[in-house]
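Letter by letter, the chains look like this.
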Amino acid sequence: MSEQATNGQTSVDEEYEHHGGFPKFTAATPGPNFGPFIEAMRTLQDLAVSIDAPDDVLAEARAQAEALAALLAPYEAKEGEATGGRVIGLPGRGSLLMLPWMIEKFDAEGVRSRGVFRRYHLGGNAAAHGGVLPLLFDDIFGMTVHAAGRPISRTAYLHINYRKVTPLNVPLVIEGRVDRVEGRKAFVSARLTDEAGTLLADSDALMVQLLPGQQ
Ligand SMILES: CCCCCCCCCC(=O)SCCNC(=O)CCNC(=O)[C@H](O)C(C)(C)COP(=O)(O)OP(=O)(O)OC[C@H]1O[C@@H](n2cnc3c(N)ncnc32)[C@H](O)[C@@H]1OP(=O)(O)O
């Protein structure tokens, strides 16, 4: 953004640094084990929601899970300093919360990301849960606004049209863009399709730029 300050008003460049009360995020460069660790955790999530195991197996799994938690607990870091969510080259930017999708395009024209919904995301009858689609759309909208050079914004509303059942384990594409800007407000939209271009869901949302210090 290149608007200049006039008559003592804050320029868009200066505003861009504000990001409301958010911490300043920088990219993380973890060691080579972080990506495989997160992928192993995703596999565990898939299994945790899909197994039908005997209790002695669950007792062993519980012991190992508790040991893993004890190993990692001393390394808990605060928001903006934890590795997860700050690794651009990993699915979901290395955040276990985010869908394990890879960003393909990230510029002012829009953001495109590609990936699959996994067993962990099952809703019913082999389809993705309706509640995980807003997560995917909200995340693409956050990135879309960021890619357009606007400060981190909050979602004021997010509307989804579920056009077709969204399958698991099928490569899908989501593409988001800024449709128009009115002051603090960015009106955004996105489409989720399969690789043949069949529309599965579309969404539009309002992202409101935060005021300095605003949570
Ligand atoms: C790379 C880093 C990645 C990090 C990305 C993080 C992205 C996070 C995205 C999220 O998911 S945020 C979590 C979900 N959203 C929230 O928790 C937001 C909760 N709501 C709020 O915090 C406030 O309501 C909000 C900041 C959205 C707006 O409150 P404000 O007090 O700042 O503004 P205001 O209420 O004056 O509204 C500003 C404008 O937006 C309009 N507006 C606000 N909410 C609206 C709404 N729901 N529908 C229509 N218009 C709305 C409002 O009418 C007004 O329009 P005008 O300027 O034209 O008068």
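What counts and what doesn't
Residues numbered from 1 in each chain as written. Predicted model: local features only at pLDDT ≥ 70, side-chain atom pairs only at ≥ 80, totals over all residues. Helix = DSSP H or I, 4+ residues; strand = E, 2+ residues; numbered from the N terminus. Buried ≥ 20, exposed ≤ 12 C-beta atoms within 10 Å, placed from the backbone. Contact = placed C-beta atoms within 7 Å. Near = placed C-beta within 6 Å. Nonpolar A, V, L, I, M, F, W, Y, C, P; charged D, E, K, R; others polar. Pairing = 2+ DSSP bridges. Axes fitted to C-alpha atoms, helices over the stretch in contact; angles between N-to-C directions. UniProt positions renumbered as here; feature names shortened; annotations may be inferred.

Right, let's talk about the overall build of the protein chain for a bit. Counting its regular elements, the protein chain contains 4 helices and 8 strands. Along the chain direction, N to C, the helices and strands of the protein chain fall in the order α-α-α-β-β-β-β-α-β-β-β-β. Projected onto the principal axes, the alpha-carbon positions of the protein chain cover approximately 70 × 45 × 25 Å. Every one of the 215 residues in the protein chain was classed for burial, and the buried ones make up 21%. Restricting to contacts in the protein chain with at least 6 residues of sequence separation, those with at least 24 account for 63%.

Here the focus is the site of the ligand. Close to the ligand lie 16 residues, the nearest being Gly142, Arg154, Ala156, Tyr157 and Val208. By residue number, the principal contributor to the shell around the ligand is strand β5 (residues 153–162), which donates 4 residues. Class assignment for the residues of the shell around the ligand results in 7 nonpolar, 5 polar and 4 charged.

It is worth spelling out the sheet that holds β5 at this point. Taken in spatial order, the 6 strands of this open sheet run β1-β2-β6-β7-β8-β5, and their pairing is antiparallel. Only two strands of the sheet have a single neighbouring strand rather than two, namely β1 (102–107) and β5. Going across the sheet, the axis of each strand differs from the next one's by a mean of 15°, ignoring polarity.

Let us look at the UniProt feature "domain: Thioesterase" (unreviewed entry) in the protein chain. Those places that UniProt annotates as "domain: Thioesterase" (unreviewed entry) correspond, in this numbering, to residues 128–200. Helix makes up 22% of residues 128–200 and strand 47%, with an end-to-end C-alpha separation of 11 Å.

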